[in-house]
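Remarks on the overall topology
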Amino acid sequence: SGATNQGGGGGAGGFVEVCSVSVCGNTGYPVVVGAGGAAGSPPNACGNNGNNSTGFCLTAVAGGKGGSVHAGRPGQPSTGGDGGAGGSGGGGSGAYYQVTAGGASNQSCQSGLSGSCGFGNAGGGNPGPAASNPAYTQSGGGGGAGSAGTNGTVSPGTAGVGGNGKTSNITGSCVTYAGGGGGVYGPGGQNGAGGPGGGGAGAASGAGATGDNNATAGSTNTGGGGGGIRTVSGGPGGAAGGAGGSGVVIVKELNKASGVWNLRT
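So, how was this worked out
Residues numbered from 1 in each chain as written. Predicted model: local features only at pLDDT ≥ 70, side-chain atom pairs only at ≥ 80, totals over all residues. Heavy atoms only, no water. Helix = DSSP H or I, 4+ residues; strand = E, 2+ residues; numbered from the N terminus. Buried < 20%, exposed > 50% of the residue type's maximum accessible area, 1.4 Å probe, protein only. Contact = heavy atoms within 4.5 Å. Areas by Shrake-Rupley, 256 points an atom, 1.4 Å probe, with all protein chains shown as cover. Core = buried A, V, L, I, M, F, W, Y, C linked by side-chain atoms within 4.5 Å.

Next up on the list: the overall build of the protein. The secondary structure content of the protein amounts to one helix and 10 strands. Walking the protein from its N terminus toward its C terminus, one meets helices and strands in the order β-β-β-β-β-α-β-β-β-β-β. For the protein, the residues scored as buried account for 46% of the 265 residues in total. Long-range contacts, defined as pairs at least 24 residues apart, comprise 57% of the intrachain contacts of the protein with a sequence gap of at least 6. Accessible area of the protein: about 11400 Å², with a carbon and sulfur share of 52%.

What follows concerns the nonpolar core. Core analysis: the largest hydrophobic core is formed by five residues, namely Ala 12, Phe 15, Ala 145, Tyr 177 and Ala 178. Not counting the four nearest positions on each side in its chain, Ala 145 is found in contact with Phe 15, Ser 88, Phe 119, Gly 120, Asn 121, Asn 164, Gly 165, Lys 166, Tyr 177 and Ala 178.

Moving on, we get to unusual backbone geometry. Note on backbone geometry: most residues besides glycine have negative phi, and most peptide bonds are trans. Phi at Cys 57 is positive, roughly 65°, even though this residue is not glycine. Within the secondary structure, Cys 57 sits in the loop between strand E4 (53-55) and strand E5 (58-60). For Ala 178, which is not a glycine, the phi torsion comes out positive at approximately 60°.

The structure is reproduced here in structure tokens:
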């Protein structure tokens, strides 16, 4: 068969929750809702980092892309394939003779409240088989705001699962945001599920798979990571990875003082 690429799951965007922010009257406050990272497509299915969401001097860092590498055939080690750093890190790619790392989370490295009130986790990696073992390994899941993505395992095994998101009730009901994307398997394995909070599931196409199955995108306005995709060169494999979910900025007015109209009024 042709060489195989098993992309890691995309990392979720960072999650920032601040109890109160002081504002000035008659002053505009620009808000940017970041777009999710574009999906990877064949032949190498290399994904892309998303875009930051900002508002009120706060920054939720975009999720890191899933790792991608055009894997070598047995006896031809491949290189690269680590997950990208971001609000939560992307999962590492799976390959022959290959060890990859999940991307790091850099949300807590942001200045001020964006770091101290921010959440994000690393993506899962691909610990790889022994150098003399040509087995496939499964790719890692992307990190989520609530927990890290899990590692893939040696084939036959299971791809990494996307990390859990974080739950907030700012809208009046509990909603989970920023779940990581799931990884994808090599032959004989199992795709990784997306993490709760809008993470997309991984999928496989080409040899050993039924048809060309696109990976699941992260859910809109959650910051969820997209699922990884497995493609095979020299055969079918026209499917694409999952795009990241767009971000969201939610503002809630605090209880007003007596005798003061609220903003909606």
